[in-house]
Amino acid sequence: TVSESQYSCLDYLSVWGCVRVCLSIYSCCVTPSHARSLFAPSCPEMFFLSLVSGAGGWSPQVTDRQPWLQLDLRDRMEVTAVATQGHYGSSDWVSGYLLLFSDTGLAWKQYRQEDGVGRFVGNVNADGVVHHKLSHSIRSRFLRFVPLDWNPSGWVGLRVEVYGCAYKSYVADFDGRSSLLYRFNQKSMSTVKDVISLRFKSRQAEGVLLHGEGQRGDYITLELHRGRLALYLNLDDTRLRFSSGRVAVTLGSLLDDQHWHSVLIERFNKQVNLTVDTHTQHFRTKGEGDSLDVDYELSFGGIPLPGKPGTFLRKNFHGCIENLYYNGINIIDLAKRRKPQIYSGNVTFSCSQPQLVSTTFLSSSSSFLSLPATPSASGGFTVRFQFRTWNPDGLLLSTQLSLEPQRLELQISNSRLLQTTQNLHPAVSTGHRVNDGLWHTVSLGSRSLQVTMTLDNEPSSTIELADHMDAGDNLYFGGKRTDNMTNTSLGCENPTLAFQGCMRLISINSQPMDLNQVQQGRLGKYKELQFDTCGIHDRCLPNFCEHGGQCSQSWNTFYCDCSGTGYAGATCHNSIYEASCEAYRLTGSSSGYFSIDPDGSGPLGATQVFCNMTEDKVWTVVTHNSTDPVRVQGSTLQKPYVMKFNYSASPEQLMALVAGSEQCQQEVVYSCRKSRLFNTWDGSPLSWWVDQGGERRTYWGGFLPGVQQCSCSLEENCMDMNYFFLSYKEHLPVSEIVIGDTNRTGSEALYRIGPLRCYGDKSVWNAASFYQESSYLHFPTLQAELSADISFYFKTSVPSGVFLEDLGLKDFIRVELSSPSVVTFSFDVGNGGVVLAVKSHVPLNDRQWHYVRAERNVKEASLQVDQLPLRFLEAPSDGHLRLRLNSQLFVGGTAARQRGFMGCIRTLNINGMTFNLEERAKMTPGVSAGCPGHCSGSSSLCHNRGRCIEKNSGYVCDCSQSAYGGPSCKEEVSVSFDRESSVTYTFQEPFSVMQNRSSQASRVYRESTRARENMAFSFMTTQSPAMLLTVSTFSQQYIAVILALNGSLQIWYRLHVYRKPDVFSPSPSSLADGRLHRIRIHRQGKDVYLQVRGENFDEEVMQAGSKGFIGCLSSVQFNHVAPLKAALLNRGSSLVSVRGHLVESNCGVLADSTTSHPLSANKDKEQQGNDTRHDSAVIGGVVTAVVFITLCVVVVMTRFLYQHRQAQRDASIKEKEHRHNLETAYRREAAYQAEPVYRAESAYRTELHLHDSATLRDNREYYI
């Protein structure tokens, strides 16, 4: 193969006048933009760099609208670097430019650097030299430098130097009917390793480049499909050969641009690397074999029918291929030398150059091209052209009709082609997704009394006219001029949007339009156009949408659809789930099934667990596939019994969960008869279990690793050896159990492995205190090239300080407290420094905890502080993307040891990874682990979103943002309603997420992806239908939570006024049963846990609202607002409107007392039926207590007297007790597990996705 290394390819290819002999012995020629012909050399000045001495330079004429400097290298060269300098002895230089390249000098392509940036940084004075080594080399003959910016006090001035070397190429031209056949020396070729490389440029979006197949079912096909490269590869699987479901690996985009693209296929056994230009995809092949068996031949340019050369099964390739190598064999060289193993039908060995010149419409607001409508001899008019774009809307063509003031317009509307004649006829549309980035051919013509529109190969659409219609004097492409236009002031009027994309092959009345004359000012008028090139760029390659998000794009940007991924944000970076059960408890949730994402925005997805929230601990319970007792018999060490446990979470998720928990344990119940755990003679294990890392473990009974016994055996207190916990969390969970000694008569083992249970979240209160301004904690370099989310809590009394900082050569990222009330987030990725600031209305150095979250990705940057409004800034569409850092990450200070932070930082999380501040603080001077104060520990002093406030002699709980009250924010705030009563809360500011402030869909999309709501309330009623809660906007959008006629809960969500609302009913059972029900609704972006929205409610919602609500509502929360609490405590507030009679109630507390012990429900009913005998029950209880105490004393005395005798009898009854204790343990474990399962069944979690099909998942998550 040919080496593509460019580091040894740095010869000078510079120019001096017209025929300077360059250092690499190649002659060159220069063409400035004001030359009469693109190929007429202009030699009045010298344009080479003056590195040591010399003068000269290029400056265009002031009248040039779009100046450029073009170099002809006389032959195709490999260019690896460029350098620029200003005009000698002047104040003229170029500070920014584009670099274009071309094989023909007619069709040009813009060079883009590694991260898609097309702009090159130029000079800052006339004498300095700025070099740019190209990230990937250019193989071309022509180069064009297009100035973008220059010295504002001078003019454009440029000297250039080009570096590279000669480029040798073997070229073959395929005309769409030709092919190359490479025939093997033997009947078939079998390979386990293949390397295929080639370069191609295509004139169409379809065509086969390579094909080979074998009789066993092997095949390889490389073809262009819709401008993308598809590779079909299968090894020994006949089923796939004859099916229509062959799966292709696709890569690349817009490959029909008539420019060269490189392809490399590397295969070893089933492992394959496919590289197209700079993008590589790795995959494994289908099939059962490791070798590729191809019979007879490989074909290039098409798939010929057997025995019929020149006839093809699929569309053949039309374009050029060069440097085609198959396993080191130069196929084109063999064809040129007419070797017998090559059949070359109609293939020529020079690349023909088509005259397809494109023009780019740069602006969606002001671009247009005006061309004269040449008269037609037959009357009427015809227009034909090709276009390609990503935008779903845009004006393609408009003209004034002879029937003034009527106009004929052709536009893209909602991705379809739409033809309108104002006030004359209804619009006619055709096509589907014409904004797919491919070239489309459209023709429009009028003849007699008809107007006909044709798109590609689709049937024509016709409008019948009542009178003859002719076009006006001019046709406007891409936009239309205003009525007050002058020759010197051109503008564009856009009722919708102007076209933003590329056009070519424009003909009017069968006369081709020469766009070169337009560029030179000899034909028509234009504005905001770029000639000779199509500037379309695929912004979804590579796909910057994370976690499986789907990428779509417009001309200037891309969008990520995060539906169903479990993530949200501009690039699907942020998990919509909390990281742990502890985090759910801090939001006020109670026990139930939850989806947790242990690594947040990291690569691991979410998993469903049961969160058991007790008074002192929050347990995370992960189940597996075998929780029932299992009896084992007949196993030996040679043929042991093996059970592998499959958990509801992946091994990676389990590792993250265990690592982030304070403690984990797993219950093991084990009993055996005539079965040994260890060999009596040598101590080798006969039974064992396997840990999470695959290691064999032989310790039992909760003792430490390395001890092959149960802990009770060493402590001599074995009362129940068959029931114990494994609690060394680094080895949990149990992934496998092996039992190998139950093959004797009467031998058996009985075991049960319980679920994994963990408690605590080590990250929540992982804190460090900084006492010196010069101190900091350092960590490895931040890995955040494309996206970074940083979150933490801080408290301080100082006015300023840097929270964290990481630096590169030029790039940096920093979060700091810049003043007592301002937090700033600043960074630079190469586009200049960016600063986002959030200002608080109260000081942030108040020694209280404050939350900060900063995020930067390729789409936007954002900064959130506490509950203050989110600040965000969109990234430039064509700027640098990658944040390149190389220093350590400094936390609490800077590399310069200045402006360091003094105070406490906790829960530092970056890209889903929690930083262990406490561990690093133990070895750092000026920093200590933990943080002093009442509000700095994991003990829950304030509940239900209550905020802990430090005081000099203690703390208080701020319950202003909680729906609960009381000293610890635990007291329910409940209100009883009758049919006429209601509470209305008016937001102080418009709810921007729900309010459609823009008519542009992209703006609405961006707003909705940043949206986040949390709602929670409890209710108790026996009436249905009933209106529980609504949230509405002025723009007719709403969220409504109602009880339907049958008592089932329904959530109505209406964001789009002209669409039907999404109605979500998570359960058909009636909730109007007089019991307390707790509802929690969470939405982030388009993913919703019971989500909602506006006014003009639909009929069923209105019917429920008309019935009102009779019952009790408790603990109502919407984001940071508690409307019910505000209604009770702020009756005079202008934000709260109360209708009817409200009575404060304690239904939430009463319901908790009646439902907290569900297994005793019958006893409660019995007690309610015997209220008249309450006093007798009390007396009976006292007597019973006295008798019980007396019996306890007798038992203690008896145990003391017979203790010695009992000890002698223990040995004889030990085996009987062993069997009895096993069964008792099983019954106790079953009872132990029953209660949380019972509670879990009544507390279901629901999930909804807007505008999607309904799906029911096994984990009880629902989508609509």
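Calculation criteria
- Residues numbered from 1 in each chain as written.
- Predicted model: local features only at pLDDT ≥ 70, side-chain atom pairs only at ≥ 80, totals over all residues.
- Heavy atoms only, no water.
- Disulfide = S-S within 2.5 Å.
- Helix = DSSP H or I, 4+ residues; strand = E, 2+ residues; numbered from the N terminus.
- Buried < 20%, exposed > 50% of the residue type's maximum accessible area, 1.4 Å probe, protein only.
- Pairing = 2+ DSSP bridges.
- Axes fitted to C-alpha atoms, helices over the stretch in contact; angles between N-to-C directions.
- Core = buried A, V, L, I, M, F, W, Y, C linked by side-chain atoms within 4.5 Å.
- Contact = heavy atoms within 4.5 Å.
- Salt bridge = Lys/Arg side-chain N within 4 Å of Asp/Glu carboxyl O.
- Phe/Tyr/Trp six-rings, centres within 6.5 Å; stacked < 30°, edge-to-face > 60°.
- UniProt positions renumbered as here; feature names shortened; annotations may be inferred.
- Polar contact = N/O pair within 3.5 Å; in protein donor to acceptor, adjacent residues only side chain to side chain.
- pLDDT = per-residue confidence, 0-100.

**Student:** What exactly am I supposed to notice about the state of the cysteines here?
**Tutor:** Tallying each qualifying case throughout the model produces nine disulfides. Each sulfur in the disulfide pair C502 and C534 lies 2.1 Å from the other. Residues C502 and C534 share a disulfide whose torsion about the S-S bond is about 90°; that sign makes it right-handed. With C502 in strand β37 (residues 501-508) and C534 in the loop between β40 (529-531) and β41 (550-553), this pair connects stretches of sequence that are 32 residues apart. Here C562 is linked by a disulfide to C572, with a sulfur-sulfur distance of 2.1 Å. The chirality of the disulfide connecting C562 with C572 is left-handed, given an S-S dihedral of about -95°. Linking C562 in the loop between β42 (558-561) and β43 (567-568) with C572 in the loop between β43 and β44 (574-575), this pair joins segments that are ten residues apart in sequence. Relative accessible area serves as the criterion here: at 9%, C562 is assigned to the buried category. Given a relative accessible area of 0%, C572 falls into the buried group.

**Student:** Explain the sheet that holds strand β80 (residues 1062-1064) here, please?
**Tutor:** By way of backbone hydrogen bonds, the strands of a sheet pair with one another, either parallel or antiparallel. Reading across the sheet, the four strands line up as β77-β78-β79-β80 and stay open at both edges, with antiparallel pairing between neighbours. One side of each edge strand has no neighbouring strand; the edge strands of this open sheet are β77 (1026-1032) and β80. Strand-to-strand twist in this sheet, taken as the mean axis angle between neighbours without regard to direction, amounts to 15°. Direction of pairing for strand β78 (residues 1038-1043) relative to strand β79 (residues 1049-1054): antiparallel, over a ladder of five bridges. Paired with A1040 across the two strands is W1052, which belongs to β79.

**Student:** Could you clarify how one ought to interpret the nonpolar core in this entry?
**Tutor:** Note that soluble globular proteins tend to have their nonpolar side chains buried in a common cluster. The biggest cluster of nonpolar side chains holds 42 residues, and the ones touching the most others in it are F200, L222, L229, L274 and I321. Aside from chain neighbours lying at most four places away, what touches F200 is L209, L224, L229, L255, H259, W260, H261, V263, F317, C320 and I321. The next biggest cluster of nonpolar side chains, apart from the first, holds 41 residues, and it includes L804, A861, L885 and V927.

**Student:** Explain the pairing of strand β61 (residues 822-828) to me, please; I cannot follow it from the model alone.
**Tutor:** The two faces of the sheet receive side chains in turn, since in a regular strand these alternate between them. Along β61, seven of the seven residues are buried, which leaves the element largely enclosed by surrounding structure. Side chains of β61 alternate between two faces, with V822, T824, S826 and D828 and V823, F825 and F827 buried alike. Of the pairings in the sheet, the one linking strand β60 (residues 812-819) to β61 comprises seven bridges and is antiparallel in character. Considered in β61, the bridge of I813 is made with F827. With antiparallel pairing between neighbouring strands as the criterion, β60 and β61 make up a hairpin whose turn holds two residues.

**Student:** Explain the pattern of salt bridges to me, please; I cannot follow it from the model alone.
**Tutor:** Two side chains that carry opposite charge are able to pair once their charged atoms sit near each other. Applying the stated criterion to the full structure yields 31 salt bridges. In this structure, R199 and E322 form a salt bridge, with 2.6 Å as the shortest nitrogen-oxygen distance. Of the two residues, R199 is situated in strand β11 (residues 193-202) and E322 in strand β23 (residues 318-326); the sequence distance between them amounts to 123 residues. Note on accessibility: R199 and E322 belong to one class, buried. Here R388 and D256 are joined by a salt bridge, their closest N and O atoms 3.1 Å apart.

**Student:** Can you help me understand unusual backbone geometry in this one?
**Tutor:** In most cases, non-glycine residues show a negative phi, while peptide bonds are predominantly trans. Of note, the amide linkage connecting L541 to P542 takes the cis form, showing an omega dihedral of 0°. Mapping P542 onto the fold places it in the loop between β40 and β41. With omega at 5°, the peptide bond leading from L732 into P733 counts as cis. Tracing the backbone through its elements, the reader meets P733 in the loop between β53 (723-726) and β54 (736-739). With a phi angle near 55°, R338 is a residue other than glycine that sits in the positive phi range. The residue R338 is located in the loop between α2 (331-336) and β25 (342-345) in this model. Assessed through its relative accessible area of 72%, R338 is described here as exposed.

**Student:** What should I look at first to understand the packing of aromatic side chains in this one?
**Tutor:** Any pair of aromatic rings gets described here by the distance separating the centres and the angle formed by the planes. One pass over the structure, following the stated rule, counts 31 aromatic pairs. Here the aromatic rings of Y641 and Y751 are separated by 5.9 Å at their centres, their planes lie at 55°, and the arrangement is tilted. With Y641 in strand β49 (residues 641-644) and Y751 in strand β55 (residues 748-759), this residue pair connects regions lying 110 residues apart in the sequence. A centroid spacing of 5.4 Å and a plane angle of 75° characterise the contact between W689 and Y699, whose relative ring orientation is edge-to-face.

**Student:** Explanation requested: the UniProt feature "domain: EGF-like" (unreviewed entry) in the protein in the structure shown.
**Tutor:** What UniProt calls "domain: EGF-like" (unreviewed entry) maps, in this numbering, to residues 536-573 and 932-970. Measuring from the first to the last C-alpha atom of residues 536-573 gives 27 Å, for a span that is 0% helix and 26% strand.

**Student:** Whenever I open this one, the sheet that holds β61 confuses me. Can you help?
**Tutor:** Spatially, β57-β66-β59-β60-β61-β62 is the arrangement adopted by the six strands of the open sheet, whose pairing is antiparallel. Edge positions in the open sheet fall to β57 (777-779) and β62 (834-839), since each of these has one partner strand only. The mean angle between the axes of side-by-side strands here comes to 15°, regardless of whether they run parallel or antiparallel. As paired strands, β61 and β62 are joined by six bridges and run antiparallel to one another. Within β62, the position partnered with F827 by the bridge is V834.

**Student:** Hey, could you run me through the side chain of S601 in this one?
**Tutor:** Relative to the elements of secondary structure, S601 occurs in the loop between β45 (592-596) and β46 (607-613). Within the structure, S601 has its side chain in polar contact with the side chain of D789 (distance 2.6 Å). With near-sequence residues (within four places) excluded, S601 lies in contact with H547, Y567, H573, D789, N911 and G912.

**Student:** So what exactly am I meant to see when it comes to the confidence of the model for the protein here?
**Tutor:** Predicted coordinates in regions of low pLDDT should not be interpreted in detail. Per-residue confidence for the protein gives a mean pLDDT of 77, with 73% of residues at or over 70. Model confidence for the protein, summarised as mean pLDDT per element, is weakest for strand β88 (residues 1262-1263) at 24 and strongest for β61 at 96. Segment residues 990-1009 is flagged for pLDDT under 50; beyond a separation of four residues in sequence, or across chains, it makes 37 contacts in the model. Every residue in residues 1152-1264 scores below 50 in pLDDT, and together they form 115 contacts with partners more than four places removed in sequence or on other chains.

**Student:** Would you mind going over the environment of L264 with me for this structure?
**Tutor:** In this structure, L264 sits in strand β16 (residues 261-268). When the C-alpha atoms of L264 and L274 are compared, they prove to be 6.0 Å apart, with ten residues separating the residues in sequence. Not counting chain neighbours up to four residues away, the residues in contact with L264 comprise V195, I196, S197, N273, L274 and T275.

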